[in-house]
Amino acid sequence: MTFVVTEACIGVNDQSCIAACPEDCIVSRLADRISVIDPARCTNCSVCFEVCVVGAIFPQDQVPLESREFVYLNALWFEDKDATRARVQEIAAPCHRLASH
Ligand code: SF4
Ligand code: SF4
């Protein structure tokens, strides 16, 4: 089990979860618009879930249907940062928001 950061983090990314995670398994670099959780290292302690100011973090099995892609994207970041950033950028773009509603 892991916790997952979803789209509500985009544009906020205040990194309070990074500061709070006891396992140091949440990361965000300068090029990132969101923080992501390493699913291989998360111990499911829920501290990040409690500190997130926008409710962007969920236990993996409770990620809302419309945000399920972020289960994949959090894990993908640790394999392919460029692909993850490109997809997050696409999701953040206003045209995508219009198209998805
Ligand atoms: S659940 Fe705990 S270990 Fe996992 S990312 Fe959140 S704070 Fe870190
Ligand atoms: S606490 Fe929430 S909004 Fe802040 S960086 Fe973490 S996931 Fe993003």
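Just above sits the structure.
Residues numbered from 1 in each chain as written. Chains lettered and ligands numbered in written order. Predicted model: local features only at pLDDT ≥ 70, side-chain atom pairs only at ≥ 80, totals over all residues.

Q: I tried to follow the overall build of the protein on my own but got confused; where do I start?
A: Counting its regular elements, the protein contains five helices and four strands. Sequence-ordered secondary structure for the protein, helices as α and strands as β, is β-α-β-β-α-β-α-α-α. Summarising its shape, the C-alpha atoms of the protein cover approximately 35 × 25 × 20 Å along the three principal directions. Long-range contacts, defined here as pairs at least 24 residues apart, represent 66% of the contacts in the protein between residues at least 6 apart. (Helix = DSSP H or I, 4+ residues; strand = E, 2+ residues; numbered from the N terminus. Contact = placed C-beta atoms within 7 Å.)

Q: Where do I start with the site of ligand 2 in this structure?
A: Looking at ligand 2, there are 15 residues lining it, with Cys9, Val12, Cys17, Ser35 and Cys52 nearest. The residue inventory of the shell around ligand 2, partitioned by class, reads 10 nonpolar, four polar and one charged. (Near = placed C-beta within 6 Å. Nonpolar A, V, L, I, M, F, W, Y, C, P; charged D, E, K, R; others polar.)

Q: Whenever I open this one, the site of ligand 1 confuses me. Can you help?
A: As a structural note, the neighbourhood of ligand 1 is formed by 13 residues, with Cys21, Cys42, Cys45, Val47 and Cys48 the closest of them. Residue classes in the shell around ligand 1 are distributed as nine nonpolar, three polar and one charged.

Q: How do you make sense of the environment of glutamate 50 when you look at a structure like this?
A: Following the sequence through the fold, glutamate 50 ends up in helix α2 (residues 47-51). Considering only alpha carbons, one finds glutamate 50 and alanine 20, 30 residues apart in sequence, at a separation of 9.6 Å.

Q: For this particular structure, what's the right way to read the nonpolar core?
A: One broad rule of soluble globular proteins: the nonpolar side chains tend to lie buried together. Core analysis: the biggest nonpolar cluster contains 19 residues, and Phe3, Val4, Val5, Cys17, Ile37, Cys48 and Ile57 have the highest contact counts within it. Listing elements by their share of this core, those giving two or more residues are β1 (3-5), β3 (36-37) and α3 (69-77). In contact with valine 4, not counting residues within four places along its chain, are Ile37, Ile57, Phe58, Gln60, Val63, Phe70, Val71 and Asn74. (Core = buried A, V, L, I, M, F, W, Y, C linked by C-beta atoms within 7 Å. Buried ≥ 20, exposed ≤ 12 C-beta atoms within 10 Å, placed from the backbone.)

Q: Whenever I open this one, α3 confuses me. Can you help?
A: In an α-helix, one full turn covers 3.6 residues, which means residues spaced three or four apart are oriented alike. Where α3 is concerned, the buried positions are Phe70, Leu73, Asn74 and Trp77. For α3, the buried positions fall inside an angular range of 100° around the axis, keeping them on one side. Tucked into the core, α3 has its buried residues touching β1, β3 and α4 (81-92). (Arc of directions from axis to C-beta.)

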